[in-house]
Each structure stands twice: as structure tokens, then as C-alpha cells.
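# A closer look at the structure
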Amino acid sequence: VRRLPARRPRKHSSLYYRNLMIAVGSFIFTFGAALTRGVDLVSMLWFLPLLYLNYLVWVSFAGVHPPRRRLPRWTPREFDMEYEEVEFRSRDGLRLAGWFIPSHNGAVVILVHGAGGAKVAMLKHAQLLVTEGFGALLFDLRAHGDSEGDTINGFDEANDLLGAVDYLRLRNDLDRNRIGVLGISLGALVTMRA
């Protein structure tokens, strides 16, 4: 079994630093202006809820618009697995990109990644399944990787998983009654909802 290289520590995006600088700059400007005009700090406490509201808006926006991170460009081939690139539609019509790894026992497991990830994040799990004879379908959820979409919400992604099941049921090389699912993080939520 080939091991994945160790991950580098995740760095914050430039959006994070830009928003942090805006927040700190606003804080310094407002309190600096208040002090030079002789306003006492207690009367400036109204600024703290405003700063917190700005933070909440930013976190909410970032939460439903996951960045398409630069993930490793590995494919199953680097892990000695045969595969084919596939595309299928979610039940609500979005184009989703994936990899299908053939099954040797007729059963297949759909692997669903977490928020901000992509199908490449599930290669380690696929490798373990393939060594036991299972097939695997790894795909990018909406707004991730090579799939269509701009936002996530934890609800509509169930349509992505159901679209993957529909795709597998159309294949002639699988047992339609032996389809399993493994989800990580957001993928686990999607799995339970679907």
C-alpha cells in the first residue's frame, strides 16, 4: 500500500489576511479618531458589536463559498489503481466530475469528501477499498474541485450523492444492490441526508 506524503500545514488565504487587516485598521482608525477628539473609550463601546457583526458576515460568506484550494494533482494512477474519469449530473442538474475505479466483486463504495476538499482527498480510503476488491466512485461535490456550482449549504449536496447513485445504477459492470457510501465531515452529513 503506497502512503500519501505528509501534508504541509494549511496556510490562510489572502482573503483571510485582507479581512484581518480591514478589521484591525478599522479598529485602530476609530479608536485613534476618538482619542484625538477627546472622546472617552466607554462611549466607543458601540463599535465592538459592529466589529463582531462584520466578523459574523465574513465567516458566514466564507462558510457557504468554499475556496477552491490548490490540492495535489494526484490521480488514482499514482496509487496503482485503474480508473476512468467520469461526469454525471446531480439530481438538480449540476455537472459533477469524478473518478470511477472498477470493482472486482461487483460492489462499489461512493466516497464523499469534506468541505473545502475534493476527490483527491479520498484516495487513501479508495486504496484500502480497492485492495479488498471493492470498486470506488470518488467525485467532487458542488462548488468543489472540477464540479459546477458556487455555494454549499449542507442540504443541496444530497442531490450530488443521489446523482452519483443514479450514475452507478446505470452501469452494467456493477451489482445495483451493492452500492455503499463513505462520507467524511460534510460528506458524512450529505450521506445521512441522502
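Residues numbered from 1 in each chain as written. Predicted model: local features only at pLDDT ≥ 70, side-chain atom pairs only at ≥ 80, totals over all residues. Heavy atoms only, no water.

## Observations concerning the environment of L189
Tracing the sequence through the fold places L189 in helix α5 (residues 186–193). Through-space distance from the C-alpha of L189 to that of G154 is 7.0 Å; in sequence the pair is 35 residues apart. (Helix = DSSP H or I, 4+ residues; strand = E, 2+ residues; numbered from the N terminus.)

## A few points about the packing of aromatic side chains
The full count for this structure, using the stated rule, is four aromatic pairs. Arranged with centres 6.0 Å apart and planes meeting at 85°, the rings of W74 and F79 form a pair that is edge-to-face. For W74, a relative accessible area of 26% translates into the label partly exposed. Look at F79 and you get buried, because its relative accessible area is 5%. Summarising the aromatic geometry, the rings of F88 and F139 are spaced 5.6 Å apart at their centres and angled 65° between planes, so their arrangement reads as edge-to-face. Of the two residues, F88 sits in strand β1 (residues 84–89) while F139 sits in strand β4 (residues 135–139), which places them 51 residues apart along the sequence. No difference in accessibility class separates F88 from F139, as the two residues are buried. Among the aromatic residues, ring-to-ring pairing joins F88, F139 and Y167 into one connected group. Taking NZ or CZ as reference, K119 lies 5.0 Å from the ring centre of W99, over its face. Above the ring of F100, the side-chain terminus of R171 is found at 3.7 Å from the ring centroid. (Phe/Tyr/Trp six-rings, centres within 6.5 Å; stacked < 30°, edge-to-face > 60°. Buried < 20%, exposed > 50% of the residue type's maximum accessible area, 1.4 Å probe, protein only. Lys NZ or Arg CZ within 6 Å of the ring centre and 35° of its normal.)

## Notes on the sheet that holds strand β3 (residues 108–112)
A sheet is described by the order of its strands in space; here five strands give the open sequence β1-β2-β4-β3-β5, paired in mixed fashion. Looking at which strands have only one partner, the edges of the open sheet turn out to be β1 and β5 (179–183). When strand polarity is set aside, the average angle formed by the axes of neighbouring strands in this sheet is 30°. Across four bridges, strand β2 (residues 95–101) lies against β4 in antiparallel orientation. Paired with W99 across the two strands is L138, which belongs to β4. The sheet contacts of helix α4 (residues 157–169) involve β1, β2, β3, β4 and β5, and relative to β1 the element is tilted by about 120°. Lying over the sheet, α5 contacts β3 and β5, oriented at roughly 140° with respect to β5. (Pairing = 2+ DSSP bridges. Axes fitted to C-alpha atoms, helices over the stretch in contact; angles between N-to-C directions. Contact = heavy atoms within 4.5 Å.)

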